[in-house]
Amino acid sequence: MVRARRKVSRAGNALSGLLLALALVTVPDTPARAEPPAKITNPDFETGDLSGWTTTGNAFSVTADSGWGWGCCFGQHGTSHVWGFKAGGDGATGTLTSSVFRLAGSGQVDFLVGGGNNADDLYVALVRASDGAVLHKATGTDSETYRRVRWDASAHLGQDLQIKVVDQAGGGWGHVNVDDIRLDGAQGNGLTAHWAFDQGAGTLAKDTVTGRDDPINYVFTNARYKPSSDPLWYRQEPDGKALSKALLFDGYSTWVTRSGFTAPTDAITVEAWVAPRAFEWGDEGKLSAIVNQQDQGAGRGFILGVGRHGKWSFQAAVGGQWQSVWSAPDASLPTNRWSHVAATFNATDRTMRLYLNGRQVGSHTTPSGTITPDGGDLLIGRNNRAVMINGTFPANTFAGLIDEVKIHDRALNAGAVTTAYDAVRTSYPGGTVPKPDMAMNRNRYAGDRYRPQYHFMPPEHWMNEPHAPLYHDGQYHLFYQQNQHGPYWHNIGWGHQVSPDMVTWRDLPPALVPTANSVAPDGVWSGDATTDADGNPLLYITAGDDSVRPNQRTGLARCATLPCQRDLVDWKMDPAPVTVQSQDLDVGPGRKVKFGEFRDPFVWREGDTWFQLVASGVQTTGGADVGGTALLYTSTDQTNWTYAGPLMVGDIAAHPKTGQVWELPVFLPIGGGKHVLMINPMWSGGSPHNVKYVWYWIGEWNAATRKFVPDSTVPRLFDYGEHFTGPSGFVDEQGRSIVFSIAQDKRTEQGHHDSGWAHNAGLPLQVSLRPDGDLGVRPLPELTRLHSSAQPLVTLTDVTDLNAANQQIANVRGDMLHIQLEMSAASANRYGIKVRRSPGGEEETLFSYDRNADTFAVDRTRSGTVSSLSSDLGVQSGPVTLDGDVLKVDLYLDKSMIEAYVGGHKSITTRVYPARDDALGLALWADGGATIRSLKVWPMKSAYTG
């Protein structure tokens, strides 16, 4: 069908054409206004200049200085910051204006500010970009050290804003400092610092937030007595796990230092993963710091740390007052296990909170106010205000592993803390974080020129006397006084080692430590071991409890489960003490017991009766010292004990070197119907004879009458040196009476600090009755198992020419040797052997016999005194009667340790600290003619093979 057309006017046609033409014309788009970003250009000045900022005047410049020349520290974030004094001093003026940004997110704005306090002419402001109206502003506090300011600018969300820094002030404090401007937590969840400890080696710990490398203090970074070595980096789990690497803090010398750190003040979270190895005493009530930047005395800063027995705390100066929140009684930290700890503070709700493994375990309401900042260093692992032990060792220092330390500038809520904990926990199979291997490592001392290798000694740090020797299930056990925090006497528990033969040893975990709500909260001191009627091992301890007087009682520890484990690694202490000192103990007419001195139980069994000696002292009723004593108790069940009187009382007037108080009594059968009583003398007021001697008496013991009758009341000296002390002993499964000792090293406190260890035991000795009625003393024959070669390095027989003999041993060198010498005089009056001798004799130690005086001596006048307490070691000697004129001596050299045993009768235990590395030679010596009947020298190997 054809549709009819409608006619159109000429005018209409013209309009249509015009519209069509216009439609075909391309009209440029009107430019859209660009929205400002939600961030500032160069907000922390890490470009090193003012890029992105507009300036007027000359008041502002960027610096990387951490201090201002007459003090320290700014505490800037990162490296660079604006210091208003740097360019023109206090007199310069001007403004500094940021790029425009559009406020987004929560509307929070925060930054660091320092400098003068002048809110009218010297301030940082949040301004509206369109008209410059000031919305918020803050000034300094007349301090160069930064503080963090936070504004809630949520009322201006979506507005275009700027940061403006104004300096129109002159005169003193006429400048302002600024750094690290953040919009809505732009640094990422408020994280201001994070030490992941992922390096695994080296002497620096990286803060992953700032990229800074912070120094790790460690005693062996620049070692004095051994090759230098890195701090103790821990690695166990596979890479990729949060706790795969960590830093092991040794308890006294390890900590991380962050200088110039500015801690948040109105809200903070401090979190870390920690695995304590031991807990300190808590000197002066101070915490062993995990993280801290504080001066409690001055009321500044904060600390997260551990107190006694694992109780832990967060503390801070809030509103001018020192505030503390402590963990709940059921939330103490365990040792040798990972725990996630977090502490928060929020000034808004005035609350401190503690979280352990994602669970809130403490809360405290604070006064109004923020944390008063401290401008000192932030330390990880050491208290900023540590108590110094002996003027040398910082107490309040963490021992164990620390990892994943984080500081947030906000108080994380419970959900966020739990999420942080679960993020690590759930990354492990079964959601269980593995137990870390925190065993002390002897290898950290590799190359130490003075540390003995084949003597019994702790894997690290301090030991006192070994004690409580015990044979059980085919193994020998020996315990010892141990401080796990460092090489000094302090918080003492029982270390533990095991051996198949009493000469080779294997380290085990500590057996007993001071424990809250136990019989020994303040110290587990020396004691002894025996077995019950069923053959189960028992440990008798000196239980330290400072809440009672005397603070020394004897306690009892048993296997935690029966049957006892072969290695005896799990013990539990009975809740009640075994024996408690009474002031009215009968110690003889006109006398009284020295109340408060009551320790070191020695226990043995005869038939159905157990006997216990406890060391103490005796005084007149007027308070004059009579002498030391060993108090005797008896029991038929090992728990209930009856006092039987003193086994023996010393006579300090006749024999002043035997002490006011006796310690560590040892009572052993020696054959021939005789017993020996050995004691360690002590003076409550100190004495030049302290920690030098062990005295003994031989006599007859009657178990039925509970009486010991010495052959003579005159004491005899066990060892003629100055280093044999702290005896302990037992009768082994072969029926031998064995004695152990502590060989005091008598080094300076600084020497102990720099070496990282203190003391070792003497060699195990067999004691017996000699035909002359005296005590025979011999090293155990099992010691030959420590010979590192079956054949001696050298063997000499019947050599009369000393020069020829010395030529044959000229190449024998060593500081771990066993020497057997038989030598007799021809025309010589004095003869013997020099050991630890330098080629020219500049340093040497001489052992010699004087046949006119019948004395055996050690001359240490040229032995070397590096780190020794004394600069003059002198000569020590004592009487010895030889069989004919033949000197028979066994010498054991072990680094700084030397023991000489003469004719199976007497001994000299001594220490030497040569300065020369070549003081390793031997030389036979006589002041006239002499015959070398026999000389054999064996190299020795370590007693620790693991």
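Structure's up top.
Now for a look at the structure at hand. Keep in mind that what you see is a predicted model, and the values were worked out from it rather than measured. (Residues numbered from 1 in each chain as written. Predicted model: local features only at pLDDT ≥ 70, side-chain atom pairs only at ≥ 80, totals over all residues. Heavy atoms only, no water.)

**A short note on the layout of surface pockets**
In this model, the second largest pocket occupies a volume close to 920 Å³. Residue lining of the second largest pocket: 33 residues in total, with Trp462, Asn464, Trp489, Glu663 and Val691 positioned closest to the centre. Breaking the lining of the second largest pocket down by element, the ones donating at least two residues are strand 30 (461–472), strand 34 (523–531), strand 39 (599–606), strand 43 (661–671), strand 44 (674–682), strand 48 (724–731) and helix 3 (749–755). The class makeup of the residues in the lining of the second largest pocket is eleven nonpolar, 14 polar and eight charged. (1 Å grid on protein atoms, 1.4 Å probe; cavity = no way out; pocket = protein on both sides within 12 Å on 5 of 7 lines; lining within 4 Å. Points joined across faces, edges and corners; volume = space filled by probe spheres on them. Helix = DSSP H or I, 4+ residues; strand = E, 2+ residues; numbered from the N terminus. Nonpolar A, V, L, I, M, F, W, Y, C, P; charged D, E, K, R; others polar.)

**Comments concerning the pairing of strand 49 (residues 737–743)**
For strand 49, the buried fraction is high: seven of the seven residues fall into the buried class. Here strand 49 shows no split at all, with Ser737, Val739, Ser741 and Ala743 on one side and Ile738, Phe740 and Ile742 on the other all buried. Of the strand pairs in this sheet, strand 48 and strand 49 are connected by six bridges, and their pairing is antiparallel. Counterpart to phenylalanine 730 in the pairing with strand 49 is isoleucine 738. (Buried < 20%, exposed > 50% of the residue type's maximum accessible area, 1.4 Å probe, protein only. Pairing = 2+ DSSP bridges.)

**A closer look at empty space enclosed by the protein**
According to the stated counting rule, one finds five cavities of 30 Å³ or more in the structure shown. Forming the boundary of the largest cavity are 15 residues, of which Gln76, His77, Thr192, Phe261 and Thr262 lie nearest the centre. Of the residues that constitute the lining of the largest cavity, the class distribution is two nonpolar, eight polar and five charged. If you go around the second largest cavity, you meet 13 residues; those closest to its centre are Gly527, Phe602, Pro665, Pro727 and Ser728. Of all the secondary structure elements, the ones that give two or more residues to the lining of the second largest cavity are strand 30, strand 34, strand 39, strand 43 and strand 48.

**A word on the pairing of strand 8 (residues 134–138)**
As paired elements, strand 7 (residues 122–128) and strand 8 share four bridges and run antiparallel to each other. Within strand 8, the position partnered with valine 124 by the bridge is alanine 138. Following strand 7, the chain reverses through five residues before pairing antiparallel with strand 8; glycine 132 in that reversal takes a positive phi of roughly 75 degrees.

**Some words on the state of the cysteines**
Across all of its chains, the model carries two disulfides by this definition. Shown here is the disulfide that connects cysteine 72 with cysteine 73, its sulfur atoms set 1.7 Å apart. Taking the torsion about the S-S bond as the criterion, the cysteine 72 to cysteine 73 disulfide, at about 75 degrees, is right-handed. Accessibility expressed as a relative area gives 8% for cysteine 73, which makes it buried. Here cysteine 559 is linked by a disulfide to cysteine 564, with a sulfur-sulfur distance of 2.0 Å. On the sign convention where negative is left-handed, the bridge of cysteine 559 and cysteine 564, at about 105 degrees about the S-S bond, is right-handed. Across the pair, exposure class does not vary: cysteine 559 and cysteine 564 are buried alike. The connectivity of the disulfide bonds within the protein can be written as 1-2, 3-4, using the sequence rank of each bonded cysteine. (Disulfide = S-S within 2.5 Å.)

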